[in-house]
Amino acid sequence: MWDPVAPYRLHVLCQGWHYLCYEWHWTTDRSSGDNLSDMANVAVVDGNRVLVTVFRQSVVPPPMCTYRLLLPHPVNQVMFSAHPTESNNLAVLDASNQISVYKCGDSPSVDPTVKLGAVGGNGFKISLRTPHLEKRYKIQLENSEEEEVNPLTLSLLTWVQEDIFLAVSHSHSSPQSVLHYLTVAPSETDDELGQLNISSSVTVDGIIISVCCNSKSKSVALQMAGGQILKYLWESPSLAVEPWKNPGGFPVRFPYPCTQMELAMIGGEECVLGLTDRCRFFINDTEVASNVTSFAVYDEFLLLTTHSHTCLCFCLREASLKTLQAGLSSSHVPNAESLRKVERGSRIVTVVPQDTKLILQMPRGNLEVVHHRALVLAQIRKWLDKLMFKEAFECMRKLRINLNLIHDHNPKVFLENVDTFIRQIDSVNHINLFFTELKEEDVTKTMYPPPSTPTVQPSSDPDGKKVDLICDAMRAAMENINPHKYCLSILTSHVKKTTPELETVLQKVHELQGNAPLVPDAVSAEEALKYLLLLVDVNELYDHSLGTYNFDLVLMVAEKSQKDPKEYLPFLNTLKKMETNYQRFTIDKYLKRYEKAIGHLSKCGPEYFPECLNLIKDKNLYNKALELYPPDSQQYKDISIAYGEHLLQEHLHEPAGLVFARCGAHEKALSAFLACGNWRQALCVAAQLELTKDQLASLGRTLAGKLVEQRKYSDAAAVLEQYAQDYEEAVLLLLEGAAWEEALRLVHKYNRPDIIETNVKPSILEAQKNYMAFLDSQSAIFSRHKNRLLVVRELKEQAQQVNLDDEAPHGQESDLFSETSSVMSGSDMSGRYSHSNSRISARSSKNRRKAERKKHSLKEGSPLEDLALLEALSEVVQSTEQLKDEIYHILKMLFLFEFDEQGRELQKAFEDTLQLMERSLPEIWTLTPQQSSATPVLGPNSTANSIMASYQQQKAAVPVLDADLFLPPKINRRTQWKLSLLE
C-alpha cells in the first residue's frame, strides 16, 4: 500500500512476513557534457517510453518532446554517459533487468525504436542526430534462472565508462547493500542481445540511497541512508569503498538524507553537494543554506534557485566554503551578476553547455529559458579570449550587454586584433553600433567586474584616451581593408572621438561629392551626408561647414539640413563679396572663434586695427593678440597699454606694471608699482624716466610711507637713506622696526654717536620694558587658563559620575548643569549644535567665523569651554615660542650698551615663562580625540558604572574639526636664544 503521508513511499508485505519499503524521489536525468558536442539532453520516463528533449536545438514543453524511445518493458531508470565526449549516449534500465544502450550517430536517420515527438501545434520534423539502439544487454545475476525476475532488484544505475556500469542491489535479510561492477561480456556474434556480467561486488553495511559520478575526475560517491558519504574506488584493482573525507581529513556525513547529490571542485578540492527534500543545502558536512529549491553544477559554476524566487550563480574556481556560505546568507546582498529574479517555484532543469541558456521549469510544468548574467558574461569572456568576436558581439547585442566589454576585457589583445574584429563582424551597421556605445568608462571596473583578479595588462598607451585609441585603430584597419565599404563607419570614427573631427568628416564628404562611385560598395556623398546628419546636430554641422570657408560644402550641408534658404543665402552672398581675410574674420566672429578671428583681422591692414582692438578688449584676448604683432610696432604698444589697464581694473597692479614697463609706458608702470608697493621696480622705472633729484626724493618719501603702512621698516629706511638722503628718519624707522644692528650701522656710517644717546638706548630700554610686560601678561594668562581647565575637567568627571549613579537628566534645565554647563554629555552637545551648524552653513564666511568663535567661548559655563581653553593655551605657547629671535637680538643690544641688569632680568623672565609652559604641557594635553577625561574600566574587572561611563565616553566624542586641539604645541628646544654673556 502507498503511505498516506509520504506520497512516494510504498509498503510491501510479502509471504513469509517479509516487509519491504520503497521510496522514490524526483530527479533530473540530463547529459553532463561541457562542450559544444553535448546537446543538453534531458530524459523523462513514461512507462515503457523515454521522452528525450534536446535543449540545444529547441525548448519543447512537456509532455511533448524532441523524440521518444520505445522499449519492450517498463523503464526503471535512464542514465546518460559520464564520458565527456559521449555525453549524448544514454542507457535505459527496464523492469526485466535489461540495459538498452543508445548511441548518438553521425547521420540524422531515425531508428525504428525512436519516434520524433510533436514540437509545435501542427508538428514538424527536426533534422538532428538522433540516437540509435546500439545494443541491449541482459544482466546476468546470481541464481537468476531459478528465481522469478524481480523488477526492482537493481537500482541506481551509473554509466561510468563505455563498457562499465555500476548498479546497486539490497539484501532482504539484512540492512546491507551490494555495489555491483558490471562489464560487457565479450560476444562472438552480433546479436542484438548482449550480456553484462558482474565482475565483482562490494558489500556495504547500510542502505545506499544515491550514487553520483563526476564526469571529469571519474570519482564515484555513495550516500548511505544514515548520511555517510563513501568513495568507491572503481578504478583501483581492489574495488574498495572508503569514507569520503573533507579537506580537514574528517569523514563527511550529511546530517539529513539528500535527494540530490553532485560532485564539484570548489577551490581546488573535490566536494560533495547535497540537497534535502526540505530545501537544506550541504557542502560536505556543512549546511550552507536552508532555502535552496534546486541546484546544478555546470563547468565551473554552481547554480541554485531559492525560496526568495531568485537564481544564484557562483564561480567555484576561486570560491571557498565561507564565501559560498556568505553569498547564500540572507543578510548578504549578492552583486547584479550573480543574482537573477525568477518566477515563483522555478526549478533548474539543465544548462546548455558552451551557451548562455539556463532551462527552468515552473510549478505548472511549462519551461522557460533565461540567460543568467553570470553565465552570459563567462561565455562572452571565453569567446573574447578565443578571438571569437562575432559570437560575442551577437550575444551582447541580443542580451543588451554593453559593447565596451569587447575592448575592456583585454585592451591590448583587442587593439592588436582590430582587423580580425572588423572582418568577423563584417557589417557596417554593427560596427557603427559598436562606435556609438563607446565611452571612457572601464566597464570591467564598474558594470561587469570579473569574478577573480584579472591578469590582463592595461591599455598599451595609458596616457591616451580609450575612445580615441579605438577610433583611430579601427579607422586605420577599415581604410586598409575596404575604405569604400566602411565609409560610414570611418565617418563615425571621426565623429565619436573625444573632440569630434567634424571638419575632417565634412572634407571627406566633399571629396565623395566630386568622385563618382565606381566601386559597388562605395557610398555617395548624399548618403554620407544624410547619415552624418543623424549623428550630429544640423546647426552644429552647418557651423563647422562654415568654418571650413568652403561655400560649396556649406551649401551642400544647408540643402540637406532642411534649412530655409532665407536663413543662410543672404548671409553667404554677403560673405562672398568680402575680402578673403575679412571674410574669414566675419565667419570666425559669427562662430565665436575669436582667437582665429583676430588672427585674420590682423592681416587686413592698419585701418582695421581699431575694430581688432575693440574685439580684443571685449573678449580679453590680450595674450593671443600680442603674438600677432612685432614688439616694436605701435599696435603692440597699444594692445599692451590696454592689457595693463585691464589688469589695473582687476586690481593686479604688479602684473600691470610689468606690462607697462615692457612696452615703454614708464609713467603708467611707475603708478602701478607705487600702488602695489614694489619700491625696487618703481625706482628702476623712475631712473628710466630721468627724474630730477627733488622728484626722486619726493618719490622716495612716498614709497617709504607706503612701506611703513605695510610694516616694512627696513625697506622704508633703505629708500629714505639712499634716495631721500634722510638717514636720521631712516634710523628712527629702523628703531621702530627693532632692526637695532642696521640702525647702529647707519649711525656709525654717518658719524652721529649722539643719536645713540638720544634715540637708540632709550628705544632699547623701552623695548625691554615692553617685553617684560608682555611676558608677565602671557604667564598670567597661561596660569589662569590652565587652572580653569583643571577645574572644568574635574567638574566634568563629577557630572559623569552623577549621571551614572543617579541618572540625572542631561537637559539644560538640570540644576547640575546650571552651574557647570560645560560638562554636558556628547549627545546633548551634538543635538544642541547640529541645528545651529546647519543654519550657520548658509551664512557668510564672516558670520561663520563669528559663530566658530562663539562655539569656542572662554565664558565660564559655556558648553565647549574646555576646548576653548585648550585653544587659548595653544595660542599663548605659540606666540611665546615665536619671540625667541627677537629676544636674542635685544639681549645682544642690552649687553652691548652695558644694560646687563635689564638683560639678565629679561633673559630670566623669558626662561621662566618657557619652563612654565614646558612643565605644563603634559598636564594640559593629556587627552586624545578618542578619549575623555575619565577613563572607564572595561574587561573582566568592569562594573555597571564603568560600562555606562564607556558608553557616555563614546557619545561625548570630539568633532573631527576640533581634533587638532588635542595635539600639544611644539616647543623647539634647539633654538638658541640665550646670550651666554649674561649668565
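See above for the structure.
The sections below set out a description of the structure shown in this document. (Residues numbered from 1 in each chain as written. Predicted model: local features only at pLDDT ≥ 70, side-chain atom pairs only at ≥ 80, totals over all residues. Heavy atoms only, no water.)

## Topic: the packing of helix 11 (residues 525–535) against helix 13 (residues 551–560)
Part 1: Look at helix 11 against helix 13: their axes get within 10 Å of each other, and the N-to-C directions meet at 65°. For the pair helix 11 and helix 13, the sense of crossing is right-handed. Residue-level inspection shows Glu 526, Leu 529 and Leu 533 of helix 11 in contact with helix 13, the latter providing Met 556, Val 557 and Lys 560.
Part 2: Looking at the contact of helix 11 with helix 13 residue by residue, the class counts come to four nonpolar, no polar and two charged. (Axes fitted to C-alpha atoms, helices over the stretch in contact; angles between N-to-C directions. Helix = DSSP H or I, 4+ residues; strand = E, 2+ residues; numbered from the N terminus. Left-handed = near helix turned anticlockwise from the far one by under 90°. Contact = heavy atoms within 4.5 Å. Nonpolar A, V, L, I, M, F, W, Y, C, P; charged D, E, K, R; others polar.)

## Re helix 11
Part 1: Within the sequence span of helix 11, burial applies to Ala 525, Ala 528, Leu 529, Tyr 531 and Leu 532. Buried residues of helix 11, seen end-on, are gathered within an arc of 165° and therefore sit on one face of the element. (Buried < 20%, exposed > 50% of the residue type's maximum accessible area, 1.4 Å probe, protein only. Arc of directions from axis to C-beta.)

## Describing the side chain of His 372
Part 1: Residue position: His 372 is located in the loop between strand 30 (367–370) and helix 2 (373–385).
Part 2: On the accessibility criterion, His 372 (0% relative accessible area) is buried.
Part 3: In contact with His 372, other than residues within four places in its own chain, are Cys 311, Leu 312, Cys 313, Glu 337, Ser 338, Leu 339, Arg 340 and Thr 356.

## Considerations on a nonpolar patch on the surface
Part 1: Together, Trp 2, Tyr 8, Trp 24, Trp 26 and Leu 152 make up an exposed nonpolar region whose accessible area comes to about 620 Å².
Part 2: On the secondary structure map, Trp 26 appears in the loop between strand 2 (19–23) and strand 3 (29–30). (Patch = residues over 30% accessible without salt bridge, like charges linked within 9 Å, V, L, I, M, F, W, Y side chains within 5 Å. Areas by Shrake-Rupley, 256 points an atom, 1.4 Å probe, with all protein chains shown as cover. Salt bridge = Lys/Arg side-chain N within 4 Å of Asp/Glu carboxyl O.)

## Notes on the sheet that holds strand 23 (residues 286–289)
Part 1: Taken together, four strands build an open sheet; the order of strands is 20-21-22-23 and the sheet is antiparallel. Of all strands in the sheet, those with a lone pairing partner are strand 20 (260–266) and strand 23, marking the two edges. Strand-to-strand twist across the sheet, computed as the mean angle between neighbouring axes with direction ignored, equals 30°.
Part 2: Bridge count for strand 21 (residues 269–275) against strand 22 (residues 281–283) is three bridges, and the pairing is antiparallel. In the sheet register, Leu 273 faces strand 22, and the bridge partner there is Ile 283.
Part 3: Across the sheet, helix 1 (residues 321–328) is in contact with strand 20, strand 22 and strand 23; its angle to strand 23 comes to roughly 35°. (Pairing = 2+ DSSP bridges.)

## Some points on the nonpolar core
Part 1: Among the nonpolar cores identified, the biggest contains 80 residues, and Ile 639 and Leu 906 are the most heavily contacted of them.
Part 2: Counting residues per element, this core draws most heavily on helix 27 (residues 754–806), at eight residues.
Part 3: Not counting the four nearest positions on each side in its chain, Ile 639 is found in contact with Phe 609, Leu 613, Ile 616, Tyr 622, Ala 625, Leu 626 and Tyr 629.
Part 4: Formed by 55 residues, the second largest nonpolar core is a distinct cluster that contains Leu 405, Cys 487, Val 505 and Leu 506. (Core = buried A, V, L, I, M, F, W, Y, C linked by side-chain atoms within 4.5 Å.)

## Quick notes on helix 26 (residues 740–749)
Part 1: Buried residues of helix 26: Trp 740, Ala 743, Leu 744, Leu 746 and Val 747, and no others. The buried residues of helix 26 occupy an angular sector of 160° when projected down its axis, which confines them to one face.
Part 2: With its phi angle positive at about 55°, Asn 751 sits one or two positions after the end of helix 26.

## Considering the pattern of salt bridges
Part 1: All chains considered together, the criterion is met by 36 salt bridges.
Part 2: The salt bridge partner of Glu 162 is Lys 103, with a shortest N-O separation of 3.0 Å. Taken together, the residues Glu 162 in the loop between strand 12 (155–161) and strand 13 (164–170) and Lys 103 in strand 9 (residues 98–104) connect sequence positions 59 residues apart.
Part 3: Overall, the relative accessible area of 43% leaves Glu 162 in the partly exposed class.
Part 4: The exposure class of Lys 103 is buried, given its relative accessible area of 17%.
Part 5: Of the charged contacts, one joins Glu 742 and Arg 745 as a salt bridge, the two residues approaching to 2.7 Å between their closest N and O atoms.

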